[in-house]
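# Architecture and fold: a report
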Amino acid sequence: MRDDADLDRLLADHAVRADVDAIGARRIRARAHDAMHAPRGLSFAWLEPTLALAIGVTQIVWAFHAVLALYR
Amino acid sequence: MDDDPERAWVAGLRRGDAWAFDAVYETYRARLYGYLARMTGRRDLAEDLLQEVFLRLARRGRELAADTRLAAWLYTVAHHLVVSHARSAKVGLALASELARAPEPRAAGPFEALAAGRAQLAIERAMTAMTPADREAIWLVAIERMSPQEAAAVLSVKPDAMRQRLARARAKIEAALDEPTPLMRSVR
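Here the structure is a predicted model, which means the values were calculated and not measured.

## Here we look at unusual backbone geometry
Residues and elements named next belong to chain B. Phi is positive for Arg-145, close to 60°, though the residue is something other than glycine. In this fold, Arg-145 is placed in the loop between α6 (132–143) and α7 (148–155). Positive phi, normally seen in glycine, also occurs at Ser-156, with a value near 55°. Note on Ser-156: 11 C-beta atoms within 10 Å, which makes it exposed.

## Some thoughts on the interface of chain B and chain A
Of the residues lining the interface, 32 residues belong to chain B; the matching set on chain A comes to 23 residues. Secondary structure elements with two or more residues in the side of chain B that touches chain A: α2 (18–40), α3 (43–60), α5 (118–129), α6 and α8 (159–178) of chain B. Counting residues per element, the side of chain B that touches chain A draws most heavily on α2 of chain B, at 8 residues. Class assignment of the residues belonging to the side of chain B that touches chain A gives a composition of 21 nonpolar, 5 polar and 6 charged.

## Looking at α6 of chain B
All names here are of chain B. Along its 12 residues, α6 runs 15 Å from first to last C-alpha, staying within 8% of the 16 Å computed at 1.5 Å per residue. Within α6, 11 of the 12 residues are buried, which leaves it mostly tucked inside the rest of the structure. Regarding α6, the residues found buried are Pro-132, Ala-133, Asp-134, Arg-135, Glu-136, Ala-137, Ile-138, Trp-139, Leu-140, Val-141 and Ala-142. Immediately beyond the C-terminal end of α6, within one or two residues, lies Arg-145, with a positive phi of roughly 60°.

## What about the nonpolar core?
Counting 59 residues, the largest nonpolar core has Leu-36, Leu-50, Leu-74, Ala-78 and Ala-137 of chain B as its most contacted members. Non-local contacts of Ala-78 of chain B, meaning those with residues more than four positions away in its chain, are made with Leu-32, Tyr-35, Leu-36, Leu-49 and Val-53 of chain B.

## Concerning helix α4 (residues 70–89) of chain B
With 20 residues, α4 of chain B should cover 28 Å at 1.5 Å per step; its first-to-last C-alpha distance of 28 Å lies within 8% of that length. Those residues of α4 of chain B that are buried are in contact with α2, α3, α6 and α7 of chain B.

## Quick word on the packing of helix α1 (residues 4–14) of chain A against α5 of chain B
In contact at an axis separation of 9 Å, α1 of chain A and α5 of chain B are set at 105° when each is read in the N-to-C sense. One finds that α1 of chain A runs roughly perpendicular with respect to α5 of chain B. Residues Leu-10, Leu-11 and His-14 of chain A of α1 of chain A lie in contact with α5 of chain B, whose contacting residues are Ala-119, Gln-120 and Ile-123 of chain B. Classifying every residue of the contact of α1 of chain A with α5 of chain B gives 4 nonpolar, 2 polar and no charged.

## Quick word on the packing of helix α1 (residues 5–15) of chain B against α2 of chain B
All names here are of chain B. Their axes nearest at 7 Å, the elements α1 and α2 cross at an angle of 135°. Classed by the angle they form, the pair α1 and α2 counts as oblique. In this structure, α1 meets α2 at a crossing whose hand is left-handed. Contacts between α1 and α2 involve Trp-9, Gly-12 and Leu-13 on the former and, on the latter, Trp-19, Ala-20, Phe-21, Ala-23 and Val-24. By residue class, the composition of the contact of α1 with α2 is 7 nonpolar, 1 polar and no charged.

## Considerations on the environment of Arg-9 of chain A
Residues and elements named next belong to chain A. Inspection of the secondary structure assignment puts Arg-9 in helix α1. Classification of Arg-9 as partly exposed rests on a count of 13 C-beta atoms within 10 Å. Sequence separation of Arg-9 and Arg-31 is 22 residues, and the distance between their C-alpha atoms is 35 Å.

Reading guide: rules and limits
- Residues numbered from 1 in each chain as written.
- Chains lettered and ligands numbered in written order.
- Predicted model: local features only at pLDDT ≥ 70, side-chain atom pairs only at ≥ 80, totals over all residues.
- Helix = DSSP H or I, 4+ residues; strand = E, 2+ residues; numbered from the N terminus.
- Buried ≥ 20, exposed ≤ 12 C-beta atoms within 10 Å, placed from the backbone.
- Contact = placed C-beta atoms within 7 Å.
- Nonpolar A, V, L, I, M, F, W, Y, C, P; charged D, E, K, R; others polar.
- Expected span 1.5 Å × (residues − 1).
- Core = buried A, V, L, I, M, F, W, Y, C linked by C-beta atoms within 7 Å.
- Axes fitted to C-alpha atoms, helices over the stretch in contact; angles between N-to-C directions.
- Parallel < 35°, antiparallel > 145°, perpendicular 65-115°, else oblique.
- Left-handed = near helix turned anticlockwise from the far one by under 90°.

Quick look at the structure:
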């Protein structure tokens, strides 16, 4: 009966080691280097949270005015 | 240079240094490829997904936190790519919603033909016989030396589920190693 550590070690020792072929490995590396150094495009990641915040603030102001109008 | 090479690599990636990318690539390429090939069952697809993992690292390297653990980061991306592929293909791997389902009827794994020796063949057959979920759990713990908690975080599963997956995977390995060889079987 083998314990967990034995089984894990057997798997680590005996699993077939394989790698992509040399041409494929060079191709992936070259593409990644290109991606690393590519100029970064415009990012609009800020747009959605800003819009959501603006809409939320507008709603609160509108509700506040509505309450004021009711009690005037 | 930092004592811990990974911290130096992460710092280099945050600066956009190509040498840091190359160091990570050389360290993790074969390991990730082995994982992806076993999870997809196809070496050509594994190469495509491997490329995507490293392209994401190249594009997002500057956004990494200083204390990023690269193995966890890379395997999280790889796991999501495998799940995403399984969802879009809707065939073969049933990782998406049927993660714990029984494996397909016996088909040779991607590396069984390369196995040299009985133990290596038994290990490869055991991995092929596991469900994809059990296979990736034992891969992260046995090959990548992650703790079960860290592997559970990478795979977004609860610690209990991870323990069950590891127990099933180890039982398959134990059974495969104890299985008699064809010669022994014919003698019986």
